[in-house]
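Next come the chains, spelled out residue by residue.
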Amino acid sequence: MQTKLQNILIDIQEKVNFSGTVLVENQEKVALVSQSFGYANRSEQIDNHAKTRFGIASGCKIFTAVAICQLIEKGKLAFDTKLCDCLPQLFKHFDKQVTIAHLLTHTSGIPDYFDEEEMENFEALWVENPMYQLRTLRDFLPLFQNRPMKYKVGERFHYNNAGYIVLGLIVEHATGMDFSAYIQQHLFDRVNMTESGYFSLDSLPANTALGYIDNPDGTWKTNIYSLPVKGGSDGGAFVTGKDMAKFWSALMNFELLNEELTNQLLMPHVELNENDCYGYGVWIKKNSEQAILKYHVMGYDPGVCFHSAYYPASSIKVVVCSNKSKGALDMMKGIEAIL
């Protein structure tokens with residue numbers, strides 16, 4: 001299998017010019033394949049490698065969901081806790097029936113600051129809202145807090161970044177900590193994800209890949225003016241492939257949450273179609289027999305694409321990180337064809 005995986009990755013890289021890192025790890029935490037391609041820094045021709053940190057965009061919504069579940073485990077919150085009881089002064093136009101469970105499952109109906117049903121270009125947001133002013137979760141509030149509800153509470157699944165900003169604000173209110181500091185202490189440090197963090201684009205640590213946006217004419221630019229300066233509870237953390245594999249292992253071994261809360265997080269709460277569901281911060285794919293094939297997360301931003309999955313039947317973990325806007329899904333499909 002190892003040789004097949006290596007060959008398919010090389011073949012796909014040649015077809016799509018993939019830039020990033022791919023890790024496939026078995027139950028014993030042994031890498032079946034670990035390969036890197038392309039440059040972390042094109043100008044200096046610094047290669048991507050196994051310890052390169054990559055932005056993962058929305059792939060870290062599962063970290064936010066874990067943080068909320070940890071607070072529920074401690075008795076500070078409940079899934080049926082209402083948003084109006086958590087942050088009573090912030091969202092006067094939102095339905096008072098919105099709960100934490102609605103926010104976790106994208107069924108709250110609240111307006112989004114980047115609505116993927118209405119907008120395609122994430123960069124367009126920063127024309128009127130300079131990205132360099134977005135460093136904290138509260139900085140996002142003017143983008144959505146005074147808008148009316150988009151849907152009735154619980155009416156439908158509507159992928160919603162603002163809902164996860166709100167969840168991060170709830171974490172901050174309940175703990176008195178900055179959201180990224182909470183994740184650092186209670187998630188990254190707890191499971192030895194030593195290379196991961198929420199880093200500012202204007203002060204990136206060593207071994208961090210710059211994100212690249214390729215133009216049709218062959219030119220390119222970095223994504224530093226295409227994203228908020230610092231990521232938060234809706235997306236924007238940085239990880240290595242190995243750290244993300246550590247996260248899956250810790251989650252599945254109940255090192256982050258007790259068994260009951262872990263099962264709650266991984267339970268299909270919203271059915272999108274016959275085979276695709278959503279839990280709390282995690283996508284769930286079922287096979288034709290309705291058994292769970294994989295738990296997976298993904299993230300896309302300008303200059304960022306990310307896919308990662310855990311396959312319960314084999315306990316295999318796959319992590320695909322890229323510092324380009326496309327390519328991770330191609331790698332993921334190639335790996336799954338072999339697995």
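These remarks concern the structure in this document. (Residues numbered from 1 in each chain as written. Predicted model: local features only at pLDDT ≥ 70, side-chain atom pairs only at ≥ 80, totals over all residues. Heavy atoms only, no water.)

1. A word on the overall build of the chain
The condition that has to hold: Only runs of H or I of at least four residues qualify as helices and only runs of E of at least two qualify as strands under DSSP, and these elements are numbered from the N terminus. With the radius of gyration taken over C-alpha atoms, the globule rule is written as 2.2 Å times the number of residues to the power 0.38. Note on classification: 1.4 Å probe, protein chains only; a residue is buried when its accessible area is under 20% of the maximum for its type, exposed when over 50%, partly exposed between these limits. We call two residues contacting when some pair of their heavy atoms lies within 4.5 Å. Surface accessibility in these figures is a Shrake-Rupley result with a 1.4 Å probe; residues are shielded only by whichever protein chains are displayed.
Helix and strand counts for the chain stand at 9 helices and 14 strands. In terms of overall dimensions, the chain is globule-like: its C-alpha atoms have a radius of gyration of 19 Å, near the 20 Å expected for 339 residues. Across its three principal axes, the chain shows a C-alpha extent of roughly 55 × 45 × 35 Å. Here the chain, with 339 residues, has 56% of them falling under the buried criterion. For the chain, the proportion of contacts with a sequence separation of at least 24, taken over those separated by at least 6, is 65%. For the chain, the accessible area works out to roughly 14,700 Å², and carbon and sulfur atoms hold 48% of it.

2. Quick notes on the pairing of strand β14 (residues 316-322)
Selection rule: Pairing between two strands is assigned when DSSP locates at least 2 bridges connecting them.
Burial runs high along β14: 7 of the 7 residues are buried. Taking every second residue as pointing to the same face, both faces of β14 are buried, with I316, V318, V320 and S322 on one and K317, V319 and C321 on the other. Where strand β1 (residues 20-25) lies against β14, 6 bridges are found, and the strand directions are antiparallel. The residue of β14 that forms the bridge with L23 is V319.

3. Brief notes about the side chain of K286
How we decide: Two residue types count as positive, namely Lys and Arg, and two as negative, namely Asp and Glu; His and chain ends fall outside the count. In what follows, salt bridge is the name for a side-chain nitrogen of Lys or Arg lying within 4 Å of a carboxyl oxygen of Asp or Glu.
Its place among the elements puts K286 in strand β11 (residues 283-286). Buried charge K286 goes without a salt bridge, the closest partner of opposite sign being E271 at 4.3 Å. Leaving out residues up to four positions away in the same chain, K286 has contacts with P268, E271, N275, C277, A291, I292 and L293.

4. With respect to unusual backbone geometry
One non-glycine residue, Q45, adopts positive backbone phi at about 55°. For Q45, a relative accessible area of 54% corresponds to the exposed category. A positive phi is found at Q290, a non-glycine position, where the angle reads about 70°. Inspection of the secondary structure puts Q290 in the loop between β11 and β12 (292-301).

5. Thoughts on the nonpolar core
Across soluble globular proteins, you tend to see nonpolar side chains buried next to one another. To keep it simple, the criterion reads: Only buried residues count toward a nonpolar core. Its members are Ala, Val, Leu, Ile, Met, Phe, Trp, Tyr and Cys residues joined through side-chain atoms within 4.5 Å.
If you look at the biggest cluster of nonpolar residues, it comprises 82 residues, and the most contacted ones within it are F63, I170, F247, W248, L251 and L265. Ranked by the residues each element gives to this core, the list is headed by helix α2 (residues 61-73), at 9 residues. Ignoring anything within four residues of it in the chain, the contact list for L265 reads I62, A65, V66, C69, L251, L257, G279, Y280 and V282. Core analysis: the second largest hydrophobic core is formed by 19 residues, L9, V318, M331 and M332 among them.

6. Some points on the environment of A65
Relative to the assigned elements, A65 resides in helix α2. Residue classification places A65 among the buried residues on the basis of a relative accessible area of 0%. C-alpha of A65 to C-alpha of T105: the two residues are 40 residues apart in sequence and 9.7 Å apart in space.

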